[in-house]
Amino acid sequence: MQSVTPEAFTPEIAVEALLRGPGAIRIRGLFSPEQVAEARRIVMAHSEDRAQTVTHFQGEAAQDQRLHLQRRVWNLLAKGEVFAQMAEQPAIVAAMQRFLGEDFIMGSIAANRILPDGPGQEPHIDYPYWDFHAPDTFPLGINSSFPLNAQVTIPLDPFTPQTGATAFIPHTQHELRYPAEADRFYERCERMEADPGDAILFFGATWHCAMPNHSAQDRSAVLIQYLPKFVKPMEDLRAMVGEAFVRKASPTMRQLLGLNFPYPQNLDAIAQATNAEGRKGAMR
Ligand SMILES: O=C(O)CCC(=O)C(=O)O
């Protein structure tokens, strides 16, 4: 996987890698050791139980007795300021503006913690393509010439083949289909090896999955999903963060929460309210 420093990274490099290149790129050392430590502390604290966390793409592992060794922590924005700093990181925002359009939004921000012996996932593609095993539920002629998703993975622990670094097959984003048994994913895949505080940007149409953790240490990461403004977000982040968070939100965070594109709306009610306002104004 191509790897660049924050100084060398540009939105154009990201677009080239995600859309026309292998589908993924790593920015080294984008977040400070303090940010990583704070994020990791919160993720660990919220996943100490055998959490009944909803998790996806388990395939055969859904029957696996080790499933509790794979834990999600949802609603990170409400759990620590550091996660807003990650979501709003300027180099990531600039790249997403180019890739997904200036009004892009965030569809999810969660942590994936894989404990030692955690089983990993089945190969897949990400929301909104995640049910592409039923291609007829998508518009006729859909393809990946333009993106409906971008993922950012921020490792909080070393991402190595041993710990379960995400596996992916470069250039598969061009196929826009679900990986099949015959694709021999595990034989052909590469790994997204990275250090804590790096950011891995990838187009979620690229075949990928979390891999088993064969090490004696945790493998946790923050996973952020970004979407074009018109794709219905996967999580209702606006409702999850609550009023106080929204009142304090920066302009970038408001955009990420979808507040700049507030549809669907009851346009009939809005028209009636506007007319009533207008009548009041005329009588004054
Ligand atoms: O945590 C990982 O390595 C990848 C997670 C992933 O692909 C997902 O949950 O969709």
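Computed from a predicted model, the values in this text were never measured in an experiment. Per chain, the residues get numbers from 1 upward, laid out in the order the sequence is written. The predicted origin of the model limits local features to residues at a pLDDT of at least 70 and limits the giving and counting of side-chain atom pairs to 80 or more, whereas totals for whole chains, interfaces and linings rest on all residues.

J.: Would you mind going over the overall build of the chain with me for this structure?
T.: A tally of regular secondary structure across the chain gives nine helices and ten strands. For this measure, only C-alpha atoms enter the radius of gyration; the expected value for a globule follows 2.2 Å times N^0.38, where N is the number of residues. Against the globule reference of 19 Å for 284 residues, the chain gives a C-alpha radius of gyration of 20 Å, in line with a compact fold. Projected onto the principal axes, the alpha-carbon positions of the chain cover approximately 75 × 45 × 45 Å. Exposure is read from a count of other C-beta atoms within 10 Å of each residue's own; the residue is exposed at 12 or fewer, buried at 20 or more and partly exposed in between. C-beta atoms are placed from the backbone. Classification of the 284 residues of the chain by burial places 40% in the buried group. Long-range contacts, defined as pairs at least 24 residues apart, comprise 83% of the intrachain contacts of the chain with a sequence gap of at least 6. Helix and strand labels come from DSSP, where a helix needs a run of H or I of at least four residues and a strand needs a run of E of at least two; each type is numbered from the N terminus. Residues are scored as being in contact if the C-beta atoms we place from backbone atoms lie within 7 Å.

J.: Sorry if this is basic, but what is going on with the nonpolar core here?
T.: Side chains of a nonpolar character, in soluble globular proteins, are inclined to be buried together. In this description, a nonpolar core means buried residues of the types Ala, Val, Leu, Ile, Met, Phe, Trp, Tyr and Cys, linked to one another by C-beta atoms lying within 7 Å. By size, the foremost hydrophobic cluster in this structure holds 67 residues, and its most contacted members are Leu-18, Phe-83, Ile-109, Leu-201 and Val-222. It is strand 4 (residues 105-114) that contributes the most residues to this core, six residues altogether. The residues touching Ile-109, leaving out its near neighbours within four places in the chain, are Leu-76, Leu-77, Phe-83, Ala-87, Val-222 and Ile-224.

J.: Just to check I follow, could you spell out the sheet that holds strand 3 (residues 70-73) for this structure?
T.: Strands belonging to one sheet form pairs held by backbone hydrogen bonds; the direction of such a pair is parallel or antiparallel. The seven strands are arranged 1-2-8-5-10-4-3 in an open sheet whose pairing can be described as mixed. Two strands close off the open sheet at either side, each with one partner strand: strand 1 (3-4) and strand 3. Here, any two strands with at least 2 DSSP bridges between them count as paired. Bridge count for strand 2 (residues 24-27) against strand 8 (residues 199-202) is four bridges, and the pairing is antiparallel. Across the sheet, residue Ala-24 finds its bridge partner in strand 8, namely Phe-202. Its contacts with the sheet place helix 1 (residues 11-20) against strand 1, strand 2, strand 5 (150-155) and strand 8, and it is angled at close to 145 degrees to strand 2. Working convention: axes come from line fits to C-alpha atoms, limited for helices to the stretch in contact. Angles between N-to-C directions cover 0 to 180 degrees.

J.: What is the right way to look at helix 4 (residues 90-100) in this model?
T.: Side chains of residues three or four places apart in an α-helix project in the same direction, reflecting 3.6 residues per turn. Listed as buried for helix 4 are Ile-92, Ala-95, Met-96, Phe-99 and Leu-100. Angularly, the buried residues of helix 4 cover 105 degrees about the axis, an arc narrow enough to put them on a single face. Where helix 4 is buried, its residues contact helix 1, strand 5, strand 8 and strand 10 (219-227). Within two residues after helix 4, Gly-101 carries a phi angle of roughly 100 degrees, on the positive side. By construction, the arc corresponds to the directions joining the helix axis to the C-beta atoms.

J.: Any chance you could explain the sheet that holds strand 9 (residues 208-209) here in plain terms?
T.: Spatially, 7-6-9 is the arrangement adopted by the three strands of the open sheet, whose pairing is antiparallel. The sheet terminates laterally at strand 7 (190-191) and strand 9, the two strands that pair on one side only. Note that strand 6 (residues 167-168) and strand 7 share two bridges and pair antiparallel. Counted as the bridge partner of Ala-167 is Arg-191 from strand 7.

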